[in-house]
Amino acid sequence: MKSISVVIPNYNGKHLFEKYFEHNYKLLTSLNTDVQIIVVDDASRDGSVAYLREHYQDRITVIEKATNSGFSETCNIGIQQASNDLVFLLNTDVTLEPGYFEKLYKYFEYKDTFGVMGRIIGMDDDNILDAARSPKILGRKIKPSHFFYLNDSQVLTPTFYLSGAIALMDTKKLKTIHGFNEMFNPYYGEDQELSIRAWRLGWKCYYEHDAVCRHEVSASTKGHKDKYNVKRIYFRNRYYIHHLHLHGFDLNLYHLQVILCDVLPSLFTLQFYKAEAYLDFLRNRKGLQKKKNAFSRQMRRHRSEIGIRDIVQNISLMLKYEHVVKL
């Protein structure tokens, strides 16, 4: 059984540790393998670190950041400290159901597996909050599909992206790909962009419907910003993803589509968050281009020419003859 490094990003999550961490800690430490637990605190002000050190001293590693920056950088610090075979990203507002990991190990028998995630349901109900997604392109916009799974235990279910709340990933591959893009701080879209890079390097992301966890909706982000800024950051990061992974004519058409379908309607309706998000993107084009160029060099080293359209086609082919159940 492969060893696991658990990376838990935290920002003002003391109340969530009090509710959920003991349950997860017992489940993790009962696994028949080496488990390293790393909590990276994003400059919390609620006593999270003191609580963890009082109750779990010498049993987990706690890393304190001096300044608050967001999810991507916080996770990357933990990923760099990970020393085991697999990295498990775990949000503070998640509880794992028994048997979660036992159902995921089989995926790492395949050399091209990047990672796998399980089914996410509500904390107090069984409503599905996240499951497998397939990609589709509308105009030049990349969109995830409805939730689905394959009703055949003999077939592996691909997913367009892994949820950063409960993703189990190959540590070597995750470090090779340099973790999350920190331009996506403070949150939103970083897990999707990471998964796209993995697919483009020829690795695969999977979903396991029988591995279940529960999630308290928005518990870890609702205190960050007002709703307006949450929407602005969401759309900014959507623009980032497309600029990083579209090229040439497709990229030019995408920006035209955004201006016509997002920016101008945002101005006319006085809902300015999309226009402001696009301005944020324009201000950060140089940084994005550096990331894009660096990843292009990495693709050449891996002898990969996989583009976003190839990912759409490859996942579609993996699903073509299978029993897809829409959720």
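Residues numbered from 1 in each chain as written. Predicted model: local features only at pLDDT ≥ 70, side-chain atom pairs only at ≥ 80, totals over all residues. Heavy atoms only, no water.

The protein chain carries the name Undecaprenyl-phosphate 4-deoxy-4-formamido-L-arabinose transferase in an unreviewed UniProt entry, which gives Dyadobacter helix as its organism. Database annotation for the protein chain, UniProt heading Sequence similarities (unreviewed entry): "Belongs to the glycosyltransferase 2 family." (UniProt positions renumbered as here; feature names shortened; annotations may be inferred.)

K.L.:
Looking at this model, I keep getting lost on the overall build of the protein chain. Mind explaining?
P.N.:
Counting its regular elements, the protein chain contains ten helices and 14 strands. Expected size for 327 residues packed as a compact globule is a radius of gyration near 20 Å; at 20 Å, the protein chain falls within 12% of this value. With the C-alpha coordinates of the protein chain rotated into their principal frame, the extents come out at 55 × 45 × 40 Å. Within the span of the protein chain, comprising 327 residues, buried residues form 56% of the whole. Taking all contacts inside the protein chain whose residues are at least 6 apart in sequence as the whole, residues at least 24 apart take part in 79%. For the protein chain, the separation between the mean place of its 45 positive charges and that of its 37 negative charges on side chains is 9 Å. (Helix = DSSP H or I, 4+ residues; strand = E, 2+ residues; numbered from the N terminus. Rg over C-alpha atoms; globule rule 2.2 N^0.38 Å. Buried < 20%, exposed > 50% of the residue type's maximum accessible area, 1.4 Å probe, protein only. Contact = heavy atoms within 4.5 Å. Lys, Arg positive; Asp, Glu negative; His and termini not counted. Charge placed at Lys NZ, Arg CZ, Asp CG, Glu CD.)

K.L.:
I'm lost on helix α7 (residues 248–268) in this one. Help?
P.N.:
One turn of the α-helix equals 3.6 residues, which is why residues spaced by three or four share an orientation. For α7, built from 21 residues, the straight-helix expectation of 30 Å at 1.5 Å per residue is met to within 8% by its first-to-last C-alpha distance of 29 Å. Of all the bends in α7, the greatest, near 35°, is centred on I259. Residues D250, L251, Y254, H255, Q257, V258, D262, V263 and S266 constitute the buried set of α7. Against β8 (135–138), β9 (141–144), α6 (227–245), α8 (273–283), α9 (285–301) and α10 (308–319) lie the buried residues of α7. Just downstream of α7 lies L270, where phi reads positive at about 65°. (Expected span 1.5 Å × (residues − 1). Bend = angle between axes of the 7 residues up to and from the residue.)

K.L.:
Teacher, can you tell me more about the packing of aromatic side chains here?
P.N.:
When we look at a pair of aromatic rings, we describe it by the centre distance and by the angle of the planes. A complete count under the given rule lists 20 aromatic pairs for this structure. A centroid spacing of 5.5 Å and a plane angle of 80° characterise the contact between F17 and F21, whose relative ring orientation is edge-to-face. Of the two residues, F17 and F21 both sit in helix α1 (residues 14–29), four residues apart, roughly one turn of that helix. The class of F17 is buried, set by a relative accessible area of 2%. Here K173 stacks its cationic end above the ring of W203, 5.8 Å away from the centre of that ring. (Phe/Tyr/Trp six-rings, centres within 6.5 Å; stacked < 30°, edge-to-face > 60°. Lys NZ or Arg CZ within 6 Å of the ring centre and 35° of its normal.)

K.L.:
Just to check I follow, could you spell out the environment of S30 for this structure?
P.N.:
Checked against the element boundaries, S30 lands in the loop between α1 and β2 (35–41). For the pair formed by S30 and E182, sequence separation is 152 residues and the distance between their alpha carbons is 33 Å. Here L27 takes part through its backbone oxygen, which lies 2.7 Å from a polar atom of the side chain of S30. (Polar contact = N/O pair within 3.5 Å; in protein donor to acceptor, adjacent residues only side chain to side chain.)

K.L.:
Honestly, α8 in this entry has me stumped. Any pointers?
P.N.:
Listed in full, the buried residues belonging to α8 are Y273, A275, A277, Y278, D280 and F281. For α8, the secondary structure elements touched by its buried residues are α6, α7 and α9.

K.L.:
I would appreciate a short explanation of a nonpolar patch on the surface in the present structure.
P.N.:
A cluster of nonpolar residues, Y228, L256, I259, L260, L264, L267, F268, L270 and F272, forms a patch on the protein surface that exposes about 850 Å² of accessible area. The dominant element in the nonpolar patch, judged by the number of residues it contributes, is α7, at six residues. Position of L260 relative to the elements: it lies in helix α7. (Patch = residues over 30% accessible without salt bridge, like charges linked within 9 Å, V, L, I, M, F, W, Y side chains within 5 Å. Areas by Shrake-Rupley, 256 points an atom, 1.4 Å probe, with all protein chains shown as cover. Salt bridge = Lys/Arg side-chain N within 4 Å of Asp/Glu carboxyl O.)

K.L.:
What am I meant to see in the pattern of salt bridges here?
P.N.:
Where side chains of opposite charge bring their charged atoms close, a pairing between them can arise. As enumerated under the stated definition, the model contains 16 salt bridges in all. For K19, the salt bridge goes to E216, with nearest N and O atoms at 2.9 Å. Pair noted here: K19 is in helix α1 and E216 is in the loop between β13 (204–215) and α6, with a separation of 197 residues, a long-range link. Residue class for K19 comes out partly exposed when judged on its relative accessible area of 47%.

K.L.:
When you look at the pairing of β13 in this model, what are you seeing that I'm missing?
P.N.:
Here is the key point about a regular strand: its side chains alternate between the two faces of the sheet. Most of β13 is tucked away: ten of the twelve residues are buried. Alignment of strand β5 (residues 94–96) against β13, held across three bridges, turns out to be antiparallel. Each bridged residue has a counterpart across the sheet, and for T95 the counterpart in β13 is R214. Pairing of strand β6 (residues 113–122) with β13 involves nine bridges; the strand directions are parallel. If you follow T113 over to β13, its bridge partner there is K204. Strand direction decides the pairing type here: strand β11 (residues 157–158) and β13, joined by two bridges, are antiparallel. For T157, the partnering residue across the bridge sits in β13 and is Y207. (Pairing = 2+ DSSP bridges.)

K.L.:
Teacher, can you tell me more about unusual backbone geometry here?
P.N.:
Trans is the common state for peptide bonds, and a negative phi is the common state for residues other than glycine. In this structure, the amide linkage connecting N185 to the following residue, P186, adopts the cis form with an omega of 10°. Unusually for a residue other than glycine, N12 sits at a positive phi of about 50°. Of note, N12 is situated in the loop between β1 (4–10) and α1.

K.L.:
Is there a simple way to explain the nonpolar core in this structure?
P.N.:
A general feature of soluble globular proteins is that nonpolar side chains tend to end up buried together. Residues F88, L96, F101, F114 and I166 are the most contacted members of the largest nonpolar core, which totals 93 residues. Other than its neighbours up to four places away in sequence, I166 contacts F88, L89, L90, V94, L96, Y100, V116, M117, G118, I120 and C213. (Core = buried A, V, L, I, M, F, W, Y, C linked by side-chain atoms within 4.5 Å.)

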